[in-house]
Amino acid sequence: MLRPVLTALLLAVLARAQDSLPLKERARQYLIDLIRIDTSSPPGNETRAAEYLKRVADANGIGSELLGGDPQRLNFVARLRGSGGAPGARRPLLLMAHTDVVPAERDQWTVDPFAALIRDGFIYGRGAQDDKSVLAAELAVLVELKRRDVKLDRDVILLAESGEEGVQAEVGIQWMIRQAFDKIDAEFALNEGGAARDLPSGVRLFLIQTTEKIPTRVTLTARGSAGHGSLPRPDNPVAHLARAITRLVDAEQPVKINETTRRYFQELAKMPDYAWLAPLVPKLEASAGAIRARDPDLDAAMRTTVSPTILRAGMKINVIPNIAEAQIDVRRLPNETKDDILARFRQIISDPAVEVAPIGADRPATEPSSLTTALYRAMEQTFHQAHPRAAVVPFMQRGSTDGANLRAKGMAVYGVPLFVENESRSHGNDERISIAGFEAGTGLLWRIVTDVAGR
């Protein structure tokens, strides 16, 4: 019994020591601690990180709780109270980040992915970019607000949710929305998904994520008659599947522009690095082919994309199988439905031997978050002040986040571009973040939060 008590006391002492550090140093220590907690999903085990967050909150007198339906995958919620129901009080600000990370192939890393090794000015580790850096910065800002006794005109809530990677939202954001939405209900939220990078012209581009594409995984299943490989068959499912994949990949997916993507292209066209866009922007839909030929990344912002990723067929080279399957990673535009996608794919493939079906979970389709809220304006002002040649632009993320689920509830959610990432290793080997960039981003977050939530 003595060892758990001593461990708890030691952790409390360490927490108090960390929390006496200046904001940026404390944020760095939080990030190191969080990376060292292996929350690879699967299986997740995010409760380990949630318990760490609660120890920090308790050590600083911040009310918090662990919530969820799976004891191994609990969510963390903390709240600093503002002026509450007083006249003129504003609705809460939500800071959110997920605690789980994708698995790491240790033999492909040059360092231990869960050691948080510091080398050449970088912190290495799984989650350094996605998403423990955002979580550490948010935690540090929350603690700083408490330590300085900042007078708040709105509550500030910190949500650290489980199950974001792989869209396992039933243990994380979906559970919170269904079972405890009152704990996180807010006017708007800051989330992962933003991006900041330096362009060759010297412009620092701050991309505020206001909407996101929706992962819609699809299987193509071809069926035919099994037989000996020495006798070709017209119903060979491998041949049918190959033709189906080729037709789908070669097909032109329709171009659909929303409020965010139109503004995104308009703002990029003003920059020297994208001057070639200027004559194309007035007629974006008609110019899609020219944009694709020049920049596949920009093309992906205009249409649903299709990427075959997994193939399964056969057991022996001289046996024609009776079934062949392909999995397709589809990232659909938020202004298209799943039914739209499936119907279009079936028409493109046009083969009754090939079944087109959705697999896995889905995120809701939502309208982009507003560009006129107090939070968006605070970010614009902060980023313009942070760099002499800042360009602040809304954009649609190719990936997906838990922010979509909250947008579907009517909350404005923004992916905040805190950290300059001219080289992204998110989900990759030797994931890392610049210490200087991380600490600078933490300072930006402090300015945004105090601007929008302080009295």
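Description of the structure in this document. Computed from a predicted model, the values in this text were never measured in an experiment.

Rules used in this analysis
- Residues numbered from 1 in each chain as written.
- Predicted model: local features only at pLDDT ≥ 70, side-chain atom pairs only at ≥ 80, totals over all residues.
- Heavy atoms only, no water.
- Helix = DSSP H or I, 4+ residues; strand = E, 2+ residues; numbered from the N terminus.
- Rg over C-alpha atoms; globule rule 2.2 N^0.38 Å.
- Buried < 20%, exposed > 50% of the residue type's maximum accessible area, 1.4 Å probe, protein only.
- Contact = heavy atoms within 4.5 Å.
- Areas by Shrake-Rupley, 256 points an atom, 1.4 Å probe, with all protein chains shown as cover.
- Pairing = 2+ DSSP bridges.
- Axes fitted to C-alpha atoms, helices over the stretch in contact; angles between N-to-C directions.
- Left-handed = near helix turned anticlockwise from the far one by under 90°.
- Nonpolar A, V, L, I, M, F, W, Y, C, P; charged D, E, K, R; others polar.
- Phe/Tyr/Trp six-rings, centres within 6.5 Å; stacked < 30°, edge-to-face > 60°.

1. Notes on the overall build of the protein chain
Part 1 of the argument: When you go through the protein chain residue by residue, the secondary structure sums to 13 helices and 18 strands.
Part 2 of the argument: For 455 residues, the compact-globule formula gives about 23 Å, and the C-alpha radius of gyration of the protein chain, at 24 Å, lands near that figure.
Part 3 of the argument: Based on the C-alpha atoms only, the size of the protein chain along its principal axes is roughly 75 × 65 × 45 Å.
Part 4 of the argument: Taken over 455 residues, the protein chain has a buried fraction of 55%.
Part 5 of the argument: In the protein chain, of all internal contacts separated by at least 6 residues, the share reaching a separation of at least 24 is 78%.
Part 6 of the argument: For the protein chain, the accessible surface area stands at approximately 19,400 Å², while carbon and sulfur atoms represent 52% of it.

2. Focus: the pairing of strand β9 (residues 204-212)
Part 1 of the argument: Burial analysis of β9 places eight of its nine residues in the buried class, which makes it a mostly covered element.
Part 2 of the argument: Note: strand β8 (residues 195-198) against β9, four bridges, orientation antiparallel. Looking across to β9, one finds that Ala196 is bridged to Phe206.
Part 3 of the argument: Hairpin connection between β8 and β9: a loop of five residues separates the two successive antiparallel strands, and Gly202 in this loop has a positive phi of roughly 100°.
Part 4 of the argument: Bridge analysis of β9 against strand β16 (residues 390-397) gives eight bridges, and the strand direction is parallel. When the sheet's bridge partners are listed, Leu205 is paired in β16 with Ala391.

3. Side note on the packing of helix α2 (residues 23-35) against helix α13 (residues 435-453)
Part 1 of the argument: For the pair α2 and α13, interaxial distance at closest approach is 9 Å and the crossing angle is 120°. Taken as a pair, α2 and α13 cross one another with a handedness that is right-handed. Along its contact with α2, which presents Leu23, Lys24, Ala27, Arg28 and Leu31, the element α13 presents Ile435, Phe438, Glu439, Thr442, Gly443 and Trp446.
Part 2 of the argument: Here the contact of α2 with α13 is built from residues that sort into six nonpolar, two polar and three charged.

4. Here we look at the sheet that holds strand β5 (residues 122-124)
As a general point, the strands of a sheet are linked pairwise by backbone hydrogen bonds and lie either parallel or antiparallel.
Part 1 of the argument: Read across the sheet, three strands follow the order β4-β5-β18 without closing on themselves; strand pairing throughout is antiparallel. Strands with a single pairing partner mark the edges of an open sheet, and in this sheet they are β4 (118-119) and β18 (432-434).
Part 2 of the argument: In terms of strand pairing, β4 meets β5 through two bridges, oriented antiparallel. Counted as the bridge partner of Arg119 is Phe122 from β5.
Part 3 of the argument: Packed onto the sheet, α2 meets β4, β5 and β18 and runs at close to 20° relative to β5.
Part 4 of the argument: Relative to the sheet, α13 contacts β4, β5 and β18, its axis offset from that of β18 by approximately 70°.

5. Here's the deal with the sheet that holds strand β14 (residues 323-332)
Part 1 of the argument: The four strands are arranged β12-β14-β10-β15 in an open sheet whose pairing can be described as antiparallel. Each end of this open sheet is capped by a strand with a single partner; those strands are β12 (305-313) and β15 (354-358). Mean inter-strand twist for the sheet, computed between neighbouring axes without regard to direction, equals 20°.
Part 2 of the argument: Its contacts with the sheet put helix α6 (residues 237-250) on β10 (214-223), β12, β14 and β15, and the angle it makes with β10 is roughly 150°.
Part 3 of the argument: Against the sheet, helix α10 (residues 338-349) contacts β10, β12, β14 and β15, and its axis sits at roughly 165° relative to β15.

6. Some thoughts on the packing of aromatic side chains
Part 1 of the argument: Applying the stated criterion across every chain yields a total of five aromatic pairs.
Part 2 of the argument: Ring geometry for Phe206 versus Phe383: centroids 4.5 Å apart, planes at 10°, classification stacked. Taken together, the residues span a long stretch of sequence, with Phe206 in strand β9 and Phe383 in helix α11 (residues 374-386) at a distance of 177 residues. For the pair shown, Phe206 and Phe383 are each scored as buried.
Part 3 of the argument: Between Tyr264 and Phe395, the ring centres sit 6.4 Å apart and the planes meet at 45°, which makes this aromatic pair tilted. Of this pair, Tyr264 sits in helix α7 (residues 259-268) while Phe395 sits in strand β16, and the two are 131 residues apart along the sequence.

7. Regarding the pairing of strand β3 (residues 93-98)
Part 1 of the argument: Most of β3 sits out of view: six of its six residues are buried.
Part 2 of the argument: By the alternation rule, side chains of β3 split into Leu93, Leu95 and Ala97 and Leu94, Met96 and His98, which are all buried.
Part 3 of the argument: Inspection of the sheet shows β3 paired to strand β6 (residues 156-161) by six bridges, in the parallel sense. The partner of Leu93 across the bridge, within β6, is Val156.

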